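Remarks on the overall topology
The lines below spell out each chain.
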Amino acid sequence: MAALPTLALAGGAWAAPSATWAQTFGDIKAAVHLVATFQDAQGHAQPLEFWRSAQGHVVRRTGQRTELRLSPAADGEDLYQLRNLPGKVAYTVHRVNLYRLGIFTDRWSVQHLLDRPTGAVSLTRLSGAAATIAGQSCTWWRIQPAGAVAQETCWSASLGVPLALRAGGHDLMRVTRVNRAALPDATLPPGWHELNADVDISPD
């Protein structure tokens, strides 16, 4: 998910004491599985399913077309796999080679289903911010990156994921179900092709 949110809550926003990203959103890796809907580039609602293990492995399936898998590594060279579901093709690549392509992935963002801005950012807790979505409690925060459009997220501190995302007064994502189901099996089904992108990208 690249996109985030804006919600007009009664009473507006109040300026909370200065909060850093880590203080507000933390680094929770509790096992979680959620089902949600998100808005695609054409404004159509699409299904989203997200799994995260306690070890930080992630599976994110969007629109029944793509599936992103993250396998974190202790040395930082995380392994990513992008699966084209209709085409039955899986592309695997390590983080260092994504960087060589100019794709700067952020492990935290993938693991928490929320894009973390790379530059300066202002965080504001909204008044009347407490909410309950899909039976889980969350708090609305406005995220204002420098020079970019403000977005809002209803953040679940206990789960370490957003339960809703909005931007410009429009829903971008809303969770409909939460549980702790295990990650789907990583084994590729029969008939799939796996391509190692490292071979073509690495200068070695």
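Every value quoted in this text rests on a predicted model; they were computed, and no experiment measured them.

Looking at the layout of surface pockets
In this model, the second largest pocket occupies a volume close to 210 Å³. Taken together, 16 residues line the second largest pocket, and the ones lying closest to its centre are Arg-69, Ser-71, Gln-81, Arg-83 and Ala-186. Secondary structure elements with two or more residues in the lining of the second largest pocket: strand 3 (58–62), strand 4 (66–71) and strand 5 (79–84). Taken together, the residues of the lining of the second largest pocket break down into nine nonpolar, four polar and three charged.

A look at the pairing of strand 1 (residues 32–39)
For strand 1, a buried count of six out of eight residues is recorded, marking the element as mostly surrounded by other parts of the structure. Linkage of strand 1 to strand 2 (residues 45–52), two consecutive antiparallel strands, is achieved through a turn of five residues, within which Gly-43 is found at a positive phi near 85°. As paired strands, strand 1 and strand 11 (residues 170–179) are joined by six bridges and run antiparallel to one another. Residue pairing for strand 11: Ala-36 is matched across the bridge by Val-175.

A word on the state of the cysteines
On inspection of all chains with the given rule, the structure shows one disulfide. Covalent S-S linkage joins Cys-138 and Cys-154, the inter-sulfur distance amounting to 2.1 Å. Here the disulfide of Cys-138 and Cys-154 is right-handed, its torsion about the S-S bond being about 85°. Of this pair, Cys-138 sits in strand 8 (residues 136–145) while Cys-154 sits in strand 9 (residues 151–156), and the two are 16 residues apart along the sequence. For the pair Cys-138 and Cys-154, a shared accessibility class is recorded, and that class is buried.

Overview of the side chain of Ser-53
Topologically, Ser-53 is positioned in the loop between strand 2 and strand 3. A residue is classified by how much of its surface remains accessible, and Ser-53, at 11% relative accessible area, is buried. The residues contacting Ser-53, other than those within four sequence positions of it, are Lys-29, Ala-31 and Leu-183.

Parameters at a glance
Residues numbered from 1 in each chain as written. Predicted model: local features only at pLDDT ≥ 70, side-chain atom pairs only at ≥ 80, totals over all residues. Heavy atoms only, no water. 1 Å grid on protein atoms, 1.4 Å probe; cavity = no way out; pocket = protein on both sides within 12 Å on 5 of 7 lines; lining within 4 Å. Points joined across faces, edges and corners; volume = space filled by probe spheres on them. Helix = DSSP H or I, 4+ residues; strand = E, 2+ residues; numbered from the N terminus. Nonpolar A, V, L, I, M, F, W, Y, C, P; charged D, E, K, R; others polar. Buried < 20%, exposed > 50% of the residue type's maximum accessible area, 1.4 Å probe, protein only. Pairing = 2+ DSSP bridges. Disulfide = S-S within 2.5 Å. Contact = heavy atoms within 4.5 Å.

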